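# Working through the structure, step by step
Here is what each chain is made of, one letter per residue.
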Amino acid sequence: MQVVRSRADLRAALAAAPRPIGLVPTMGWLHAGHVSLVERARAESATVVMSIFVNPKQFGEASDFERYPRNEGRDLERAEAAGVDIVFAPTVDEVYPPGFDTTVSVGAIAHPLEGAARPGHFDGVATVVAILFALVGAERAYFGLKDYQQIRVIRRMALDLALPTEVIPCETVREPDGLAMSSRNARLTPTGRAAAPVLRTALLAGAQAIRGGTADARSVRRTMADVLASEPLAESDYVSVADPVTLVELDTIRGEALLSLAVRIDGVRLIDNEAVTASRR
Ligand code: AMP
C-alpha cells in the first residue's frame, strides 16, 4: 500500500495504477463501516484509493473539528488489511492551497435536514468531494447510506458538473445492538454509548408504525420522538419523515418514506435513517 500526501504524488501514483479505480473518501478513525466500502470497491476495481482527510470546511464549530478522533497509524493498518492500494492523506494546505477561493454549493437537496441543522456543512462536503473526484478520476466512488442526504448531494453535484465518477451507495454497518457505526461513537461515555441505540429503536418504531398502516407522518414523527424522550441522555435535534427523493417533509405517507434522526447524546451528535415502504392496502 502506498501512502501519498500531496496532489502531485497522488497524480504520480495514479499514472501507473490499473483501471478501473474505486475511491473511498473518509475522515479516518476507520471502522467496519469504512471497511465495508473498501470491500465493495475492492470487488469492483483494479485499484482502490482511500482518502483520509478531516475536512475543516464541513465542520461548523471549530471545536467539533478539533475534537474529531484521529489515529493515522491505526487507520493505515486497517486500510492495508482491508485491501486499499493507495491512501491519500493530505494536509489542509494540500487540499486547499493558499488562495483557494472556490465553493461548490448544491441547491434544494442540500437545504433540509443536515443542511438546515449544520449551515455550510454540505458546501464543505461538496467542495472537498469535487476536489477528490477531480484528483483521483475514479470510475466509481463509494459512500455509506448512513449519510443518506450526503449521497444525494454528491450525486446531484457529480451529475450537474459532469464529473465522470459514479456514486455507489452502500448499506449501513451496525454494532450488534443496532447503533450505526460512526467515528463519533468513540467520543461517547460508557453511559452515552449504552443510550445510543435509542436512535435505532426510534427509527424501527417509526418504520413499524408505517408498515402497520399509519399514513399520518406527524403521528410517525411523534412515535419516534416519544421513543427518544424515553432516554434521558438523548436530546433530539430533528425527527424527520420525508420524501426520499426530494427530502421534503411529508404530510401523508403513500409509498416510500425516509425516516431520519439527528440526536445529541453526551454532546456527541449522531445521525441515522431508515427507508420504509408503506404496505399497500
Ligand atoms: P466519514 O469518515 O464518517 O466521513 O465516513 C466516510 C464514509 O463512510 C462515508 O461515505 C460514510 O457514509 C461511510 N460510513 C460511515 N459510517 C458508516 C457505516 N456505519 N456503514 C457504512 N458506511 C459508513
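Cut-offs and rules
Residues numbered from 1 in each chain as written. Predicted model: local features only at pLDDT ≥ 70, side-chain atom pairs only at ≥ 80, totals over all residues. Heavy atoms only, no water. Axes fitted to C-alpha atoms, helices over the stretch in contact; angles between N-to-C directions. Helix = DSSP H or I, 4+ residues; strand = E, 2+ residues; numbered from the N terminus. Parallel < 35°, antiparallel > 145°, perpendicular 65-115°, else oblique. Left-handed = near helix turned anticlockwise from the far one by under 90°. Contact = heavy atoms within 4.5 Å. Nonpolar A, V, L, I, M, F, W, Y, C, P; charged D, E, K, R; others polar. Pairing = 2+ DSSP bridges. Phe/Tyr/Trp six-rings, centres within 6.5 Å; stacked < 30°, edge-to-face > 60°. Buried < 20%, exposed > 50% of the residue type's maximum accessible area, 1.4 Å probe, protein only. Lys NZ or Arg CZ within 6 Å of the ring centre and 35° of its normal. Core = buried A, V, L, I, M, F, W, Y, C linked by side-chain atoms within 4.5 Å. 1 Å grid on protein atoms, 1.4 Å probe; cavity = no way out; pocket = protein on both sides within 12 Å on 5 of 7 lines; lining within 4 Å. Points joined across faces, edges and corners; volume = space filled by probe spheres on them. Expected span 1.5 Å × (residues − 1). Salt bridge = Lys/Arg side-chain N within 4 Å of Asp/Glu carboxyl O.

Let us now look at the packing of helix H7 (residues 121-136) against helix H8 (residues 148-160). Relative to each other, H7 and H8 sit at 55°, their axes nearing to 10 Å. Between H7 and H8, the angle is such that the two are oblique. Where H7 crosses over H8, the handedness of that crossing is right-handed. For the pair H7 and H8, contact is made by Phe122, Val125, Ala126, Val129, Ala130 and Phe133 and by Gln149, Gln150, Val153, Ile154, Met157 and Ala158, respectively. Split into classes, the residues belonging to the contact of H7 with H8 amount to 10 nonpolar, 2 polar and no charged.

The strand order E7-E8-E9 describes an open sheet built from 3 strands, whose pairing is antiparallel. Each edge of the sheet is formed by a strand with only one pairing partner; in this case those strands are strand E7 (234-242) and strand E9 (268-277). Between one strand and the next, the sheet's axes are offset by a mean angle of 15°, whatever the strand orientation. Here E7 runs beside strand E8 (residues 256-265); their pairing, made up of 8 bridges, is antiparallel.

Here the focus is the packing of aromatic side chains. Under the defined criterion, the tally for this structure stands at 5 aromatic pairs. On the numbers, 6.2 Å between centres and 55° between planes, the contact of Phe53 with Tyr96 is tilted. Within this pair, whereas Phe53 is found in the loop between strand E3 (47-52) and helix H3 (62-67), its partner Tyr96 is found in the loop between helix H5 (92-95) and helix H6 (114-117), the two being separated by 43 residues in sequence. Each member of the pair, Phe53 as well as Tyr96, is classed as buried. By the ring-pair criterion, three or more aromatic residues cluster together here, those being Phe53, Tyr96 and Phe100. Over the ring of Tyr96 we find Lys57; its NZ or CZ atom is 4.6 Å from the centre of that ring.

This part is about the nonpolar core. Judged by nonpolar contacts, the single largest core of 44 residues is most densely connected at Phe133, Val136 and Met157. It is H7 that provides the largest number of residues to this core, a total of 11 residues. The contact partners of Phe133, leaving out residues within four places of it in the chain, are Leu23, Ala138, Ala141, Phe143, Ile154, Met157, Ala158, Leu163, Thr165 and Val167. Residues Leu188, Val227, Leu250 and Val263 belong to the second largest nonpolar core, which totals 29 residues.

What follows concerns unusual backbone geometry. Here the residue pair Arg19 and Pro20 is connected by a cis peptide bond, since its omega of 0° sits within 30 degrees of zero. A positive phi angle, close to 50°, is found at Leu113, a residue other than glycine. Inspection of the secondary structure assignment puts Leu113 in the loop between H5 and H6. Given a relative accessible area of 10%, Leu113 falls into the buried group. The phi dihedral of Asp266 is positive, around 60°, even though this residue is not glycine.

Within this structure, the stated rule accounts for 2 cavities of 30 Å³ or more. As a volume, the largest cavity reaches approximately 880 Å³. Residue lining of the largest cavity: 48 residues in total, with Met27, Gln58, Lys146, Asp147 and Gln150 positioned closest to the centre. Only strand E2 (21-26), helix H2 (32-44), H7, strand E5 (140-144), H8, E8 and E9 provide two or more residues apiece to the lining of the largest cavity.

This part takes up H7. Taking 1.5 Å as the rise per residue, H7 with 16 residues should run 22 Å; its terminal C-alpha atoms sit 23 Å apart, in good agreement. Most of H7 sits inside the fold, with 14 of its 16 residues counted as buried. A positive backbone phi angle near 60° is found at Gly137, which sits one or two residues after H7.

Between side chains of opposite charge, a pair can form as their charged atoms come close. Across all of its chains, the model carries 15 salt bridges by this definition. Note that Glu44 is salt-bridged to Arg40, the shortest N-O span being 2.8 Å. Of this pair, Glu44 and Arg40 both sit in helix H2, 4 residues apart, which is roughly one turn of the helix. Note on Glu44: relative accessible area 28%, which makes it partly exposed. For Arg40, a relative accessible area of 35% corresponds to the partly exposed category. Of the charged contacts in the structure, one is a salt bridge between Lys146 and Asp147, with a shortest N-O distance of 4.0 Å. Taking relative accessible area as the criterion, Asp147 reaches 26% and is therefore assigned partly exposed. Among the ionic contacts, a cluster of salt bridges with common partners joins Glu114, Arg118, Asp237 and Arg269.

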